[in-house]
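Tertiary structure, described
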Amino acid sequence: MKTNEKKELIKKEIESWLDNVSKFKGNILTIVIGFLIIYSSITVLRIVAPNLNIRIPDNLQIAVWICFFTVISLAKFVLFGLGVRSFFLEKQIVTSKRHLLLFTISISIVINYKTMGSHFVSLEGDMLSDMFDILFYISIFSLYLLGVIYQVNKENKAEGDKGKKEYSLHNDDPLQTSEQDVLNREEFAKQLINPIIKSNGKLTIGIYGPWGSGKSSLFTMMNDHMPKEQLTMNFTPWYFGDNTDGIILEFLEHFAEQIKKSNYYDTGLEKELAVYANFFKSIQLRPTGATVRLGDLFKGFLPEESDIKAVKKVIDKMLIKSDRKIVVFIDDLDRLDREEILTVFKLIRLVCDFPNVVYVLALDEEIISLALGQVYWEQVTEEQAVLKGREYLEKFIQIPIYLPKVDEVKLKKFLFDGLEEILQEHKIKTGFFESIDSVYPIIDITKFRTIRNIKRYLNLVQIFVPILKEEVFVDDLLYLLVIKVSSPSLYEWIRMHPHILYQENQKYFKDNEEINEFKKKYFEYRLIIEELFPAMGNAFDNGYIRKKTKADLPNRQLTISNKMYFSKYFMYSTPENQISQVELQTFYSLLLKGNEGMEEFNRICGLYPVKDIFDKMGNDVITQSDETSLTLIDLLKDKYIDSSDQHIRSNIGEYIYKCYLVKRDWVLAGSLFKEPYPLPLLIELRNTIDYYRDDQPAIEQIDQVVIKTFKKLPLDNILTSNPPNQHYLILDYFVRKEDNEALRRKKFTEYITNFSKFQEIVRYFNDGQMGEIVFYQKLLENIESETIEKYISKFDQNQEMTEYKRIYEQIKKGMKQAIPYIKYELLSALEKSEKQNIKVRMNDNFQKQKQLFLGTGLASVEQKKEIEELLEKIDEYNLKF
């Protein structure tokens, strides 16, 4: 390790130690007092107890031990059990009261045990001495545990700090100090201060600038350079919730707090402000959603308007008497809704238009003008509302101050420094800097508009470039992220229109209204669009210019100009992992254009979670036209037949059921009931209808189609045309719904042409729960006995040909026990009937078993004779009744 690195490491260790000591100092008095009390108490007990000659009777010792360990257990529960996670994950021992208590108790017991001495230690004394020994060992363990927790959390914190340093992002907060100014606005902030604090009377100043242009940061710098004796107040109404009256109340309470901190005002001013604020508390009391204020219901109990004015006059006189300016900075107005904005303006002009108070407002002129215009002139257009709102704003703001234009050189340096740091960290080579710094730049720095947008851009780069650097051409991703930050609507248009972006036919762009509207709206982005999608040169009448990239740039073959890589650039687009409704509507419109519908469906399935897509499509069924729904069902039927992805098939099944609920007759008359039939889909639909709905006609219609298919086609054709994970569903339906046992045997026997297929069918019939006899019966009901014997024989000859030996052993046991089972059941039934003097009755299933098992040829001549004799005895016995 180098000398400088060693010095740095030692320095950090010392700083960490000093930091821990400083945190520990705050609790050292608590530990000392606690130690003295506990140590003294234990000492007194240890001195007095022997003199008292306390002896616990033998018959009570067990009870005392139980009480002792109960108390210890309760103490452990209080210290450890109440929030186990917070106890073991506390970052610093001294910040946790439970840690502090455990440490104090433990250290007191340990020191007392070692320093005071005792005639009995180490579990060699009387019962009380043994209890103290146990407490000593528990205390030693507790101190060890606290040490381990401290060390582990110290290491975790170090790892966390390291990670935080390596992967920090730009936050969106305004400047905290003037030293952070990167746009050279500090001097501008200083120049604003003198005119403000030297102004006469009441004054309202507006700091104008678009959202993210640095208004809040300007406030920070103005506060930094205000004279120390100047009273200032920062108010952000955005933080105070939904109640607009609450904004006024919060302002007055905050105003009173600032007055209280100053020595320049009459002590009665704070009291008068509290009285004034109480009036607005009364106004604020009203039921949620009510239009009538509570004050209107209790007239006479709440203050009259004249009372409020009287109090305000007293406040005005006190402020004039003080002859001290108060500068109030009000920020984030453009984040409020219309009603809240109006409330703030009423607050400044009507409620709190106090003398010697200067209001400095940070606002976006366009947003505030529109909000004011819409409040007072709701029946006009947006453009007219902005004009009306601006007229009101001009009357309200006495001094409008526009933020100075951003220094493009400073903006570019901030962008370049941040981008270069990210790319160097991840060892990425790019030609992006050349394109933005050339004589004819592809991207103009003014596209970012504000420092906030550059921060957002750098954050996106820091997140997405490391993730996608192996999948895309990084230069193109950097261009695309510029569009994402500076023009979200263009970014969304690009994401939604790949069929236009890759259109090389010049005729497509001739007299195309959509393209003309696009050109008009996004002409300033022409160079970036053409750089990313050369075919779009035709849209801007420049012709197709093939994209050229430097040979030394990595992944230059993965440009977004190649259609096959298009989707990779949008894998993490906003909103994350959700398909927008706009994109779904685009998909629906493409459904009626033949193959484009399937292409679009495959595209969105590649971009978004399938579940999300189908959930939203299911919600749209009720608003879709019948033509769209039927076309979508046709597409999904084809997708279902062609796909082996069970997840997609399952979601298609759920969607078809939702269509059935809304458009039952259309679904039952649609393509699902035309060849080729999607059997698993129909079976799933049938089962779902049977479970949730009382629709026997629909169930019968599906049953007719499916059973007809089973009768018509060999089982091999049906199963091989569907993925293996659907075979169980098909076989289960066939066995349950096909009543013709002979047909089932025929179908299964024809299907079983090799050991693998026999194994598949045998595994289907074995549920792992049934006994050998029932399992063998199930096989005989569906497979010819000769086929069973044939493959059992093959298994005996070569047992290594399957891993399912247990199943074959079950079959063999069933075959072996079948005839003895019949004989046993007959004999048992006869004996039981004779004892009870009742007629012998065998249930239908046994009769079926007897017929099946005796028909296999497994019974020997002797066994057949014994069974026949039993049957004769039963017949003779039953004749008595």
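No experiment lies behind these values; they were computed from the predicted model shown. (Residues numbered from 1 in each chain as written. Predicted model: local features only at pLDDT ≥ 70, side-chain atom pairs only at ≥ 80, totals over all residues. Heavy atoms only, no water.)

**Things to note about the overall build of the protein chain**
A tally of helices and strands in the protein chain yields 39 helices and five strands. Across the 881 residues that make up the protein chain, the buried fraction comes to 45%. In the protein chain, of all internal contacts separated by at least 6 residues, the share reaching a separation of at least 24 is 74%. If you sum the accessible surface of the protein chain, you get close to 49,100 Å²; carbon and sulfur atoms cover 54% of it. (Helix = DSSP H or I, 4+ residues; strand = E, 2+ residues; numbered from the N terminus. Buried < 20%, exposed > 50% of the residue type's maximum accessible area, 1.4 Å probe, protein only. Contact = heavy atoms within 4.5 Å. Areas by Shrake-Rupley, 256 points an atom, 1.4 Å probe, with all protein chains shown as cover.)

**Some points on the pairing of strand β1 (residues 203-208)**
The buried fraction of β1 amounts to six of the six residues, a majority that puts the element mostly inside the structure. Side chains of β1 alternate between two faces, with Leu203, Ile205 and Ile207 and Thr204, Gly206 and Tyr208 buried alike. In terms of strand pairing, β1 meets strand β5 (residues 399-402) through four bridges, oriented parallel. Its bridge partner lying in β5, tyrosine 208 is registered against tyrosine 402. (Pairing = 2+ DSSP bridges.)

**Overview of the sheet that holds strand β3 (residues 326-330)**
Here we have five strands laid out as an open sheet, ordered β2-β3-β4-β1-β5, and parallel in their pairing. Looking at the sheet topology across the chains shown, the edges are occupied by β2 (231-235) and β5. Across this sheet, the average inter-strand angle for adjacent strands is 20 degrees, counted without regard to direction. Docked against the sheet, helix α12 (residues 338-351) engages β1, β3 and β4 (357-363), running at close to 160 degrees with respect to β4. (Axes fitted to C-alpha atoms, helices over the stretch in contact; angles between N-to-C directions.)

**Some words on helix α25 (residues 610-620)**
α25 sits mainly inside the fold: eight of its eleven residues count as buried. Among all positions in α25, only Val610, Asp612, Ile613, Phe614, Lys616, Met617, Gly618 and Asp620 are buried.

**Some remarks on a nonpolar patch on the surface**
Taken together, the side chains of Ile28, Leu29, Val32, Ile33, Leu36 and Ile37 define a hydrophobic patch exposed on the protein surface, amounting to about 560 Å² of accessible area. Positionally, leucine 36 belongs in helix α1 (residues 3-52). Leucine 36 sits in the partly exposed class, given a relative accessible area of 48%. (Patch = residues over 30% accessible without salt bridge, like charges linked within 9 Å, V, L, I, M, F, W, Y side chains within 5 Å. Salt bridge = Lys/Arg side-chain N within 4 Å of Asp/Glu carboxyl O.)

**So, unusual backbone geometry**
Of note, the bond from glutamate 675 into proline 676 is cis; its omega dihedral lies within 30 degrees of zero at 0 degrees. Within the secondary structure layout, proline 676 lies in the loop between α28 (664-668) and α29 (679-692). The phi angle at aspartate 332 is positive, at roughly 60 degrees, despite the residue not being glycine. Inspection of the secondary structure assignment puts aspartate 332 in the loop between β3 and α12.

**What about a negative patch on the surface?**
A cluster of like negative charges, contributed by Glu868, Glu869, Glu872, Asp875 and Glu876, occupies part of the molecular surface. With respect to the helices and strands, the residue glutamate 868 is situated in helix α39 (residues 861-878). (Lys, Arg positive; Asp, Glu negative; His and termini not counted. Charge placed at Lys NZ, Arg CZ, Asp CG, Glu CD.)

**Observations regarding the packing of aromatic side chains**
Overall, the coordinates contain 44 aromatic pairs when judged by the stated rule. Between phenylalanine 136 and tyrosine 137, the ring centres sit 5.3 Å apart and the planes meet at 65 degrees, which makes this aromatic pair edge-to-face. On the basis of relative accessibility, which here comes to 6%, the residue phenylalanine 136 falls in the buried class. By relative accessible area, tyrosine 137 is classed as partly exposed at 42%. Plain terms: the ring middles of tryptophan 493 and phenylalanine 518 are 4.1 Å apart, the flat faces sit at 25 degrees to each other, and that makes the pair stacked. Of this pair, tryptophan 493 sits in helix α19 (residues 488-496) while phenylalanine 518 sits in helix α21 (residues 513-522); the two residues are 25 residues apart in sequence, bridging distant segments of the chain. Of the two residues, tryptophan 493 and phenylalanine 518, neither departs from the other in class, the shared state being buried. The structure contains a cluster of three or more aromatic residues connected by ring pairs, namely Phe710, Tyr728, Tyr733, Phe734, Phe748, Tyr764 and Phe765. Over the ring of tyrosine 751 we find lysine 757, and its NZ or CZ is 4.9 Å from the ring centre. (Phe/Tyr/Trp six-rings, centres within 6.5 Å; stacked < 30°, edge-to-face > 60°. Lys NZ or Arg CZ within 6 Å of the ring centre and 35° of its normal.)

**Description of the nonpolar core**
Ranked by internal contacts, the top residues of the largest apolar core, which has 151 residues, are Tyr457, Ile494, Met536, Met617 and Ile811. Per-element accounting of this core gives the leading share, ten residues, to helix α37 (residues 805-836). By size, the runner-up hydrophobic cluster in this structure holds 49 residues, among which are Leu273, Ile330, Leu342 and Ala371. (Core = buried A, V, L, I, M, F, W, Y, C linked by side-chain atoms within 4.5 Å.)

**Quick look at helix α35 (residues 772-782)**
Burial analysis of α35 places eight of its eleven residues in the buried class, the great majority of the element. When we look at burial in α35, the residues that qualify are Ile773, Phe775, Tyr776, Gln777, Leu779, Leu780, Glu781 and Asn782. Lining the buried residues of α35 we find α32 (727-737), α33 (741-751), α34 (755-765), α36 (785-797), α37 and α38 (844-854).

**Section: the packing of helix α26 (residues 626-642) against helix α27 (residues 646-662)**
Where α26 contacts α27, the two axes come as close as 10 Å, and the packing angle between them is 155 degrees. Here α27 runs roughly antiparallel to α26, going by the angle between their axes. In this structure, the crossing between α26 and α27 has a hand that is left-handed. Residues Leu632, Ile633, Leu636, Lys639, Tyr640 and Ile641 of α26 form the contact with α27, whose own contacting residues are Ile648, Arg649, Ile652, Tyr655, Ile656 and Cys659. Among the residues making up the contact of α26 with α27, the classes are represented as ten nonpolar, no polar and two charged. (Parallel < 35°, antiparallel > 145°, perpendicular 65-115°, else oblique. Left-handed = near helix turned anticlockwise from the far one by under 90°. Nonpolar A, V, L, I, M, F, W, Y, C, P; charged D, E, K, R; others polar.)

**A look at the confidence of the model for the protein chain**
Confidence along the protein chain averages 80 in pLDDT terms, with 83% of residues attaining 70 or more. Within the protein chain, no element has a lower average pLDDT than helix α10 (residues 294-297), which sits at 38, and none a higher one than α29, at 93. A low-confidence stretch, residues 91-95 stays under pLDDT 50, and its non-local contacts, those more than four residues away or across chains, total 13 contacts. Across residues 162-167 the pLDDT falls below 50, and counting only partners more than four positions away or on other chains, this stretch makes three contacts in the model. (pLDDT = per-residue confidence, 0-100.)

**Side note on the pattern of salt bridges**
Tallied over the full model, the rule gives 27 salt bridges. Here glutamate 600 ties to arginine 603 by a salt bridge, and the two come within 3.0 Å at their closest N and O atoms. Placement of both glutamate 600 and arginine 603 in helix α24 (residues 595-607) is noted, with a separation of three residues, approximately one turn of the helix. Grouping residues by exposure puts glutamate 600 and arginine 603 together as buried. When the shortest N-O distance is used, the salt bridge between glutamate 866 and lysine 823 registers 2.7 Å. On the criterion of sequence distance, the pair formed by glutamate 866 in helix α39 and lysine 823 in helix α37 is long-range, its members being 43 residues apart. For lysine 823, a relative accessible area of 32% translates into the label partly exposed.

**Observations concerning the packing of α35 against α38**
At a minimum axis distance of 10 Å, the contact between α35 and α38 shows a crossing angle of 70 degrees. Put simply, α35 runs roughly perpendicular to α38. Where α35 crosses over α38, the handedness of that crossing is left-handed. Residues Ile773, Tyr776, Gln777, Leu780 and Glu781 of α35 form the contact with α38, whose own contacting residues are Asn845, Lys848, Gln849, Leu852 and Phe853. When its residues are assigned to classes, the contact of α35 with α38 shows five nonpolar, three polar and two charged.

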